[in-house]
Amino acid sequence: MYRDIVDFALSTPGWLHSLAEVGTDAGLFLFAVLFVLCWWRARNGPARDLAIAIAGPAGVVCAYVFSEVLKTVVREDRPCRGGIATIAACPPPDDWSFPSNHSVIAAGAAGALVLAWRALAWVVLPLAAVMAFSRVFVGVHYPHDVAAGYLIGVTLAPLCTLLLIGAVTPMVRLARSRLSPR
């Protein structure tokens with residue numbers, strides 16, 4: 001399946017190659033902007049809502065750290081090491097393939113954003129899936145790398161976010177009480 005996707009990718013127009021290469025990072029930037037909008041939206045709302053908006057990025061970091069540890073345990077070589085022509089340059093030999101960190105971060109951000117702003121689900125979850133697929137399309141990951149990364153991100157980041165809001169909510173209340181005019 002990997003080879004079929006990469007061969008197909010190579011037959012597509014150059015503008016699509018460029019879009020696939022920069023699209024994942026651009027999508028991550030978009031998710032960062034959406035986290036800021038979530039914070040802005042929740043800033044005057046209930047303390048728990050603001051805590052979710054604040055804790056969401058930390059949940060994504062939690063999922064990312066887990067994926068980094070998992071990479072060092074599994075140590076799967078990148079598929080592009082086999083001399084296969086790919087759109088993207090193959091990462092260095094010590095940059096392991098499983099799971100895809102881009103997929104973890106994209107899906108984790110999408111999952112955490114859905115906790116903070118449910119109406120975004122129809123946009124962010126499919127966008128994260130496209131961003132994950134782009135890693136196979138450009139040739140730097142196997143399909144199972146991105147599928148595992150997506151599942152890790154979309155489950156672990158919201159879970160970590162929910163665990164953190166118990167600590168963040170009282171801090172939001174305290175900050176509001178100290179910053180509000182008397």
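Further up the page is the structure itself.
Residues numbered from 1 in each chain as written. Predicted model: local features only at pLDDT ≥ 70, side-chain atom pairs only at ≥ 80, totals over all residues. Heavy atoms only, no water.

J.: How should the nonpolar core be read in this particular structure?
T.: It is characteristic of soluble globular proteins that their nonpolar side chains tend to be buried jointly. Counting residues in hydrophobic clusters, the biggest one holds 41 residues, and the most contacted among them are Phe31, Leu113 and Val124. Among the elements that line this core, the one with the most residues is helix α6 (residues 143-179), at 9 residues. The residues contacting Leu113, other than those within four sequence positions of it, are Phe31, Leu34, Phe35, Cys38, Leu120 and Val124. Residues Ile87, Phe137, Val138 and Val140 belong to the second largest nonpolar core, which totals 7 residues. (Core = buried A, V, L, I, M, F, W, Y, C linked by side-chain atoms within 4.5 Å. Buried < 20%, exposed > 50% of the residue type's maximum accessible area, 1.4 Å probe, protein only. Helix = DSSP H or I, 4+ residues; strand = E, 2+ residues; numbered from the N terminus. Contact = heavy atoms within 4.5 Å.)

J.: Help me understand a nonpolar patch on the surface, please; the structure alone is not making it clear to me.
T.: Residues Val61, Tyr64, Val65, Val69, Val73 and Val74 make up a contiguous nonpolar surface patch of about 500 Å² in total accessible area. By the element assignment, Val73 lies in helix α3 (residues 47-74). (Patch = residues over 30% accessible without salt bridge, like charges linked within 9 Å, V, L, I, M, F, W, Y side chains within 5 Å. Areas by Shrake-Rupley, 256 points an atom, 1.4 Å probe, with all protein chains shown as cover. Salt bridge = Lys/Arg side-chain N within 4 Å of Asp/Glu carboxyl O.)

J.: What is the right way to look at helix α4 (residues 101-116) in this model?
T.: In an α-helix, one turn spans 3.6 residues, which is why side chains three or four residues apart end up on the same side. Compared with an ideal rise of 1.5 Å per residue, which puts 16 residues at 22 Å, α4 spans 22 Å between its outermost C-alpha atoms and is within 8% of the ideal. Within α4, 12 of the 16 residues are buried, which leaves it mostly tucked inside the rest of the structure. Those residues of α4 that fall on the buried side of the exposure criterion are Asn101, Ser103, Val104, Ala106, Ala107, Gly108, Ala109, Ala110, Gly111, Ala112, Leu113 and Val114. (Expected span 1.5 Å × (residues − 1).)

J.: How should I be thinking about the layout of surface pockets in this particular structure?
T.: In this approach a probe as big as a water molecule rolls over the atoms, and the regions it shows empty are the leftover space. Estimated volume of the largest pocket: approximately 170 Å³. Lining the largest pocket, in full, are Leu16, Leu19, Ala20, Gly23, Thr24, Leu127, Val130, Met131, Phe133, Ser134 and Phe137. Looking at the lining of the largest pocket, the elements with two or more residues in it are α2 (14-42) and α5 (121-137). Counting residues per element, the lining of the largest pocket draws most heavily on α5, at 6 residues. Residues belonging to the lining of the largest pocket are distributed by class as follows: 8 nonpolar, 3 polar and no charged. (1 Å grid on protein atoms, 1.4 Å probe; cavity = no way out; pocket = protein on both sides within 12 Å on 5 of 7 lines; lining within 4 Å. Points joined across faces, edges and corners; volume = space filled by probe spheres on them. Nonpolar A, V, L, I, M, F, W, Y, C, P; charged D, E, K, R; others polar.)

J.: Teacher, can you tell me more about the environment of Val154 here?
T.: Checked against the element boundaries, Val154 lands in helix α6. You can call Val154 partly exposed: its relative accessible area is 23%. In this structure, the C-alpha to C-alpha distance between Val154 and Leu125, residues 29 residues apart in sequence, is 8.6 Å. Every residue in contact with Val154, bar those within four places of it in the chain, is listed here: Ala107, Gly108, Gly111 and Leu125.

J.: Please explain the pattern of salt bridges as it appears in this structure.
T.: Pairs can form between side chains of opposite charge whenever their charged atoms are close. Taken as a whole and judged by the stated rule, the model has 1 salt bridge. Arg78 is the salt-bridge partner of Asp95, the closest N and O atoms lying 2.9 Å from each other. Of this pair, Asp95 sits in the loop between α3 and α4 while Arg78 sits in the loop between α3 and α4, and the two are 17 residues apart along the sequence. Since its relative accessible area comes to 29%, Asp95 is described here as partly exposed. Arg78 sits in the buried class, given a relative accessible area of 5%.

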